[in-house]
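This is what each chain is made of:
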Amino acid sequence: MNYRILFYTLGWILNFQAIFLLLPSIVALAYREPSGWHFLATAVIVAIVGVGMTIKKPKNNQFHAREGFVLVAISWILISMISAIPMCTSGAIPNYVDAVFEMVSGYTTTGASILTSVEDLPNCMNFWRCFSNWIGGMGVIVFIVTILPMTGSNGNMYLMRAESPGPSFGKLVPKLKKTASLLYIMYIGLTLVELVFLLCGGLDFFDSLCVSFATAGTGGFGIKNDGFSGYSSYVQIVVTIFMFLFGVNFKFYFLLLMRKFKEAFFMEEVRWYAIVYGIATVLITIDIFHLMGNLGASLKHAAFQVSTVMTTTGFATADFNQWPIFSQTILVLLMFLGACAGSTGGGMKVSRFIIYIKSAQKEVASLLHPNSVKKIKMDDKVVDHETIRSANIYLIIYILLVGGSILLVSLNGFDLVTTVTAVIATFNNIGPGLGVVGPMGNFSSLSILSKLVLIFDMLVGRLEIFPIIVLFFRDTWKR
């Protein structure tokens, strides 16, 4: 472990965190909110520490996979803990564990909240919550790699591989820094387009900005107590569309920009993502028709909830706790599936399920034809053994961690539906579950132990297990 380069790079992350903390201070100044001083004070302290850590660049800048995993894991934990400080010291969330839960939920784009009345928060606090969704959506490290080549191309590759969602990470263009820049250009562009559409729908600028941040990051933090049910049908439809779009692999948009339309529309993962979304929407529309009374309302609510659950955003236009069991079951299954790899969505990712299904087909074919040689392919390209092995190990650890988390959260004494879906919703970065933690509920009534377990689950789910898990191995810390 190269501790000096790790320490130096963490310093740059703190410097950027200090800059981020200035943004809610500006919002507080615009709305004349005293809470802004807590952000400003925290920013100053973090900047002093960060500058002190980056005064001298170490001579040995060797940066390998081990450093990449550790840096990503520590960075996400550190920025969440720092971001919770002004929330706690201002009195908005007096309990520090609750404040950390809220900010981890924000950065991991989970959207699970312990707040019972978000409208009571100052605007700067709600801005900070939604902005954390936006930064966490594309990734903290991806943002910093875009701005500063701190560790060299190999180091940057390890960082992005550790943070980027999906079974494998691939560059869009040969230069990694340009890949990171292109990702953020597309990300910012889509966010601005949604912002314009929301402004055209009559939302004021602050609401439009917060909703756009939460949608783009598929984070789902709301600034209204009634979630999304109070917004107009126009706003709900716009957000439905953009949640779906942000759940698409960003390579699809890159191929469209490069005018490689055939290659874009033949991306297997994107195609199955759209098919599953369409089938689920139709089935739920039919199932809830008798509750809504007309086809338009049924389709609108079904499309919104499928989009918000499948992309792991966490918004809600209706209390799907009250929907038929068939619809609830579909939504729970979609919580596991998630969105595409290379998107801002969470879950296990469509691409992993494609690999699992094709691996099963291959094994069955091998039983019937022992001498046959069959390769697993996606988009007419052979999936290498390393990717398949990594996906299988991911599934094993995923099941073990989810099972262990359910066992610990069950000590809270809630019903089985609440206990299980609380873990599933946080591990897959969904947000609301069912029962007590449903779309019209929150996580405030859970014990400190349960909240700590779910904080761990949110981080492990967003970083896809391995960066957090390596922190617990002794060999990770050897020089």
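Everything discussed here concerns the structure shown above.
This is a predicted model, so every value here is computed, not measured.

What follows is about the side chain of Lys451. Mapped onto the secondary structure, Lys451 falls in helix α20 (residues 448–462). A relative accessible area of 4% places Lys451 in the buried class. Within polar-contact distance, the side chain of Lys451 engages the side chain of Asp98 at 2.7 Å. Apart from the residues lying within four places of it in its own chain, the contact partners of Lys451 are Val97, Asp98, Phe101, Ile114, Phe443, Ser444 and Leu446.

Turning our eyes to something else, we now look at unusual backbone geometry. Phi angles above zero are rare outside glycine, and Thr109 is one such case at about 60°. In the Ramachandran plot, Lys349 falls in the positive-phi region, its phi being about 85° despite a non-glycine side chain. Looking at the secondary structure, you find Lys349 in the loop between α16 (325–337) and α17 (350–368). Lys349 gets classed as buried once you look at its relative accessible area, which sits at 1%.

If you walk through the whole model with that rule in mind, you get 2 cavities of 30 Å³ or more. Quantified by volume, the largest cavity comes out at close to 60 Å³. Lining the largest cavity we find 11 residues, and of these Gly345, Gly346, Lys349, Asn429 and Arg462 sit closest to its centre. What the second largest cavity holds in volume is close to 40 Å³. Around the second largest cavity, the lining residues are Val211, Ala214, Phe221, Gly222, Ile223, Gly227, Phe228, Tyr231 and Phe315.

This part is about the environment of Phe250. Relative to the assigned elements, Phe250 resides in helix α11 (residues 250–257). Separated by 175 residues in sequence, Phe250 and Ala425 place their C-alpha atoms 24 Å apart. In contact with Phe250, other than residues within four places in its own chain, are Met138, Leu183, Met186, Tyr187, Leu190, Gly342, Ser343 and Thr344.

The tally for this structure, following the rule as stated, stands at 30 aromatic pairs. Measuring from centroid to centroid gives 5.6 Å for Trp134 and Phe213, while their planes differ by 50°, and the two rings are tilted. Here Phe213 lies in helix α9 (residues 205–216) and Trp134 lies in helix α5 (residues 123–138), a separation of 79 residues in the sequence. Assigned by exposure class, Trp134 and Phe213 land together as buried. Where Phe242 meets Phe246, the ring centres are 6.5 Å apart and the plane angle is 40°; that geometry is what we call tilted. Taken together, the positions of Phe242 and Phe246, both in helix α10 (residues 233–246) and 4 residues apart, correspond to about one turn of that helix.

Here α5 spans 24 Å end to end across 16 residues, near enough to the 22 Å set by a 1.5 Å rise per residue. By the criterion of burial, α5 is predominantly enclosed, with 15 of the 16 residues buried. One or two residues past the end of α5 sits Gly139, with phi positive at roughly 120°.

Counting residues in each nonpolar core, the largest one holds 145 residues, and the members touching the most others are Trp128, Val239, Phe250, Leu334, Phe443 and Ile465. A total of 12 residues in this core trace back to one element, the largest contributor, which is helix α1 (residues 3–31).

Together, Leu22, Trp37, Leu40, Val44 and Ile48 make up a nonpolar patch on the protein surface, roughly 500 Å² of accessible area in all. Tallying contributions element by element places helix α2 (residues 36–54) first for the nonpolar patch, with 4 residues. Looking at where Leu40 falls in the secondary structure, it is placed in helix α2. Given a relative accessible area of 31%, Leu40 falls into the partly exposed group.

Definitions and limits used
Residues numbered from 1 in each chain as written. Predicted model: local features only at pLDDT ≥ 70, side-chain atom pairs only at ≥ 80, totals over all residues. Heavy atoms only, no water. Helix = DSSP H or I, 4+ residues; strand = E, 2+ residues; numbered from the N terminus. Buried < 20%, exposed > 50% of the residue type's maximum accessible area, 1.4 Å probe, protein only. Polar contact = N/O pair within 3.5 Å; in protein donor to acceptor, adjacent residues only side chain to side chain. Contact = heavy atoms within 4.5 Å. 1 Å grid on protein atoms, 1.4 Å probe; cavity = no way out; pocket = protein on both sides within 12 Å on 5 of 7 lines; lining within 4 Å. Points joined across faces, edges and corners; volume = space filled by probe spheres on them. Phe/Tyr/Trp six-rings, centres within 6.5 Å; stacked < 30°, edge-to-face > 60°. Expected span 1.5 Å × (residues − 1). Core = buried A, V, L, I, M, F, W, Y, C linked by side-chain atoms within 4.5 Å. Patch = residues over 30% accessible without salt bridge, like charges linked within 9 Å, V, L, I, M, F, W, Y side chains within 5 Å. Areas by Shrake-Rupley, 256 points an atom, 1.4 Å probe, with all protein chains shown as cover. Salt bridge = Lys/Arg side-chain N within 4 Å of Asp/Glu carboxyl O.

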